Amino acid sequence: MAQPRTRMTGTQRRAQLIGVARGLFAERGYEATTIEEVAQRANVSKPVVYEHFGGKEGLYAVVVDREMETLLKMITSSLATTRSRFRVQQVALALLTYMEERPDGFRILARGRSNDGDNATYSSLLNDAVSQVEHILGADFERRGFDPGLAALYAQALVGMVSMTAQWWLDVREPAKEVVAAHLVNLCWNGLTRLEPDPELVSEDYVEPVNPTRKPVQ
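Residues numbered from 1 in each chain as written. Predicted model: local features only at pLDDT ≥ 70, side-chain atom pairs only at ≥ 80, totals over all residues. Heavy atoms only, no water.

Quick notes on the packing of helix H4 (residues 56-77) against helix H6 (residues 103-111)
Where H4 meets H6, the closest approach of the two axes is 10 Å, and the angle between their N-to-C directions is 110°. The pairing of H4 with H6 is recorded here as roughly perpendicular in orientation. The crossing of H4 and H6 is left-handed. The segment H4 lies against H6, with Tyr60, Val63, Val64, Glu67, Met68 and Leu71 engaging Gly105, Ile108 and Leu109. (Axes fitted to C-alpha atoms, helices over the stretch in contact; angles between N-to-C directions. Helix = DSSP H or I, 4+ residues; strand = E, 2+ residues; numbered from the N terminus. Parallel < 35°, antiparallel > 145°, perpendicular 65-115°, else oblique. Left-handed = near helix turned anticlockwise from the far one by under 90°. Contact = heavy atoms within 4.5 Å.)

Examining H4
Between its first and last C-alpha atoms H4 spans 32 Å; for 22 residues at 1.5 Å apiece the expected length is 32 Å, and the two agree. Considered for burial, the residues of H4 that qualify are Lys56, Leu59, Tyr60, Val62, Val63, Val64, Glu67, Met68, Leu71, Met74 and Ile75. (Expected span 1.5 Å × (residues − 1). Buried < 20%, exposed > 50% of the residue type's maximum accessible area, 1.4 Å probe, protein only.)

Comments concerning the environment of arginine 173
Positionally, arginine 173 belongs in the loop between helix H8 (151-172) and helix H9 (177-190). Taking C-alpha positions, arginine 173 is 9.9 Å from leucine 96, a pair spaced 77 residues apart along the chain. Apart from residues lying up to four places away in sequence, arginine 173 is in contact with Met99, Glu100 and Pro103.

Quick look at the nonpolar core
Judged by nonpolar contacts, the single largest core of 44 residues is most densely connected at Leu17, Phe25, Val38, Val49 and Leu59. Contributions of two or more residues to this core are made by helix H1 (10-28), helix H2 (35-42), helix H3 (46-53), H4, helix H5 (84-101), H6, H8 and H9. At nine residues, H4 tops the list of elements feeding residues into this core. Other than its neighbours up to four places away in sequence, leucine 17 contacts Val38, Ala42, Val44, Val48, Val49, His52, Phe53 and Leu59. Counting residues in hydrophobic clusters, the runner-up holds nine residues, among them Ala129, Ala151, Leu158 and Val159. (Core = buried A, V, L, I, M, F, W, Y, C linked by side-chain atoms within 4.5 Å.)

Overview of the pattern of salt bridges
Counted under the stated rule, the structure contains six salt bridges. Taking the shortest distance from any N to any O, the salt bridge between lysine 177 and glutamate 100 comes out at 2.9 Å. Of this pair, lysine 177 sits in helix H9 while glutamate 100 is found in helix H5, placing the two residues 77 residues apart along the sequence. (Salt bridge = Lys/Arg side-chain N within 4 Å of Asp/Glu carboxyl O.)

Description of a nonpolar patch on the surface
On the surface, Leu150, Leu153 and Tyr154 cluster together into a nonpolar patch covering about 300 Å² of accessible area. Topologically, tyrosine 154 is positioned in helix H8. (Patch = residues over 30% accessible without salt bridge, like charges linked within 9 Å, V, L, I, M, F, W, Y side chains within 5 Å. Areas by Shrake-Rupley, 256 points an atom, 1.4 Å probe, with all protein chains shown as cover.)

Topic: the packing of H8 against H9
It is at 11 Å that the axes of H8 and H9 come closest, and there the two elements cross at 155°. With respect to each other, H8 and H9 are oriented roughly antiparallel. As for the relative orientation of H8 and H9, their crossing is right-handed in sense. Contacts between H8 and H9 pair Leu158, Met161, Val162, Thr165 and Trp169 from the former with Lys177, Val180, Leu184, Leu187 and Cys188 from the latter. Its residues assigned to classes, the contact of H8 with H9 shows eight nonpolar, one polar and one charged. (Nonpolar A, V, L, I, M, F, W, Y, C, P; charged D, E, K, R; others polar.)

Structure, rendered in structure tokens:
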């Protein structure tokens, strides 16, 4: 016997359909998900889904837009401080926190609409992150007398490292995200020759020593 259909306002129904679709897109991908499945899980007819979103493509676009908005808002808020190391740390933590709290959303962004590896949405997200990190590094390089023109290269390297590590962590979920972020910043900030043996997250008022005395790793 079919369950009685829950009466909702238009806004409530739209939110419900987005939530159902989000789970299906994360679980099965865009191609394998059908409007029929979305309607069935939401206990509505297919015309209701079409009425709200016009079809699967429109529904998928709304889901992706919301996930992008959530993640970019978390990353942007993490860049409010002026301390460079703290900002890099907070960007890494923002990405890991988003993945921890919204793993379905991240899988949708990372997977894209097809399984052929061509994901314009995720590439666009990473490009946005690269641009923001490049701005941070460019100012820091100029202040320290380095060539600011190299900031783009380093930004690509840093974002790629954080992104790949975060995707790995999504599956293993250990160590804790704070530990992962601290080690990522350890490598980003100190380099292999100046690794700290037991890195910790820094506070917003952290000041990098001018002439560190720690012994380089051999």
